[in-house]
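Close look at the chain arrangement
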Amino acid sequence: MSKTSVSKVSRRAFVAGSTALMAQPVLAQTQGTTEIEGDISTMVRRNISSFRSLDWRPYFSTLTNGAILVDTTSRALHFWSADQSVYKLYPTSVPLTEDLTRRGRTSVIRKVEGPSWSPTPAMKVRNPEWPDFVGPGPNNPLGTHALYLSWQYYRIHGTHDTRKIGRRSSNGCIGLYNEHIAELFDLANVGTQVLLI
């Protein structure tokens, strides 16, 4: 075996080992919990045409402070800036079940970069093995940024587990890729109106 092929094998072994270590999910994100949807059903319509731009006017009377619309059916988040110069469309994760899904009007009341996470009392009942607290970092279910809503326990946040995006996978929150929540975090303000439909 030449030095070149030995070097490539070592690099492959290193990458495979590193990937396996980094892929260890946080306890609150493992298979078999209420966090991950089961097999994709053939009954669920999955169609790229439902992921489309929308006009804000049917949903908001004004764009004061900007607006966020989360469409739980198409699993998309729409953002409009107050001056209408910015429109963004992001794929999301949505709540796992209908009873965890809240719809209606709320607003952003706090923005946190590097959020910590604690399960709600209802989550602890369903999953008593979950930790009581997870600090900021790669094992945090809230990802890198979180927009806290006026509804208790509800957030728009990032996720390190990219398998969740586009799926029913949360206990009520709306999840985005970390790079998307970082962008939305910079665009949205405390006071941005939010509508979940």
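Residues numbered from 1 in each chain as written. Predicted model: local features only at pLDDT ≥ 70, side-chain atom pairs only at ≥ 80, totals over all residues. Heavy atoms only, no water.

Here's the deal with the nonpolar core
Core analysis: the biggest nonpolar cluster contains 20 residues, and I68, L77, L147, I156, I174, L176 and L184 have the highest contact counts within it. Put simply, the parts of the chain that give this core at least two residues each are β1 (67-71), β2 (76-80), β6 (145-149), β9 (174-177), α3 (178-187) and β10 (193-196). Of all the elements, α3 adds the most residues to this core, at three residues. (Core = buried A, V, L, I, M, F, W, Y, C linked by side-chain atoms within 4.5 Å. Buried < 20%, exposed > 50% of the residue type's maximum accessible area, 1.4 Å probe, protein only. Helix = DSSP H or I, 4+ residues; strand = E, 2+ residues; numbered from the N terminus.)

Things to note about the sheet that holds β6
Taken in spatial order, the eight strands make up an open sheet running β3-β2-β1-β10-β5-β6-β7-β9, and their pairing is mixed. Only two strands of the sheet have a single neighbouring strand rather than two, namely β3 (87-91) and β9. Strand-to-strand twist in this sheet, taken as the mean axis angle between neighbours without regard to direction, amounts to 25°. As paired elements, strand β5 (residues 104-113) and β6 share five bridges and run antiparallel to each other. The partner of V108 across the bridge, within β6, is L149. Relative to β9, α3 is tilted by about 105°, and along the sheet it contacts β1, β2, β3, β5, β6, β7 (155-159) and β9. (Pairing = 2+ DSSP bridges. Axes fitted to C-alpha atoms, helices over the stretch in contact; angles between N-to-C directions. Contact = heavy atoms within 4.5 Å.)

Structural notes on the environment of H157
With respect to the secondary-structure elements, H157 resides in strand β7. Assessed through its relative accessible area of 8%, H157 is described here as buried. As for H157 and P115, which are separated by 42 residues in sequence, their C-alpha atoms are 9.1 Å apart. Discounting chain neighbours no more than four positions away, the residues touching H157 are P141, L142, H145, A146, C173, I174, G175, L176 and I181.

Here we look at α3
For α3, the full list of buried residues reads N178, I181, L184 and F185. Looking straight down α3, one finds that the buried residues subtend no more than 125° of arc, so they occupy a single side. Turned more than 90 degrees off the buried face of α3, the exposed positions are E179 and D186. (Arc of directions from axis to C-beta.)

Comments concerning the pairing of β10
As judged from the four bridges shared by β1 and β10, these two strands associate in the parallel manner. Looking across to β10, one finds that V70 is bridged to L196. With four bridges joining them, β5 and β10 adopt antiparallel strand pairing. Bridging from a neighbouring strand, S107 pairs with Q193 of β10.

Topic: the confidence of the model for the chain
One rule of thumb: low pLDDT means the predicted coordinates there are not for detailed reading. Taken as a whole, the chain shows an average pLDDT of 82; of its residues, 74% reach a score of 70 or greater. Below pLDDT 50 for its whole length, residues 1-9 participates in one contact with residues either more than four positions away or in separate chains. Contacts of residues 14-42 to residues separated by more than four positions or lying in other chains number 53 contacts, the stretch itself having pLDDT below 50. (pLDDT = per-residue confidence, 0-100.)

A look at the side chain of T159
On the secondary structure map, T159 appears in strand β7. Under the relative-accessibility criterion, T159 is labelled buried at 3%. Side-chain polar atoms of T159 contact the backbone nitrogen of D161, separated by 3.0 Å. (Polar contact = N/O pair within 3.5 Å; in protein donor to acceptor, adjacent residues only side chain to side chain.)

Quick notes on the pattern of salt bridges
Enumeration over the complete set of coordinates arrives at five salt bridges. Between D55 and R57 there is a salt bridge; the shortest N-O distance is 2.9 Å. With a relative accessible area of 56%, R57 lands in the exposed category. Between K124 and D132 there is a salt bridge, and its shortest N-O distance comes to 3.0 Å. (Salt bridge = Lys/Arg side-chain N within 4 Å of Asp/Glu carboxyl O.)

Structural notes on unusual backbone geometry
Of note in the backbone geometry, R75 takes a positive phi value of approximately 60° without being a glycine. Tracing the backbone through its elements, the reader meets R75 in the loop between β1 and β2. The residue Q84 is not glycine, and still its phi comes out positive at about 65°. Along the polypeptide, Q84 turns up in the loop between β2 and β3.

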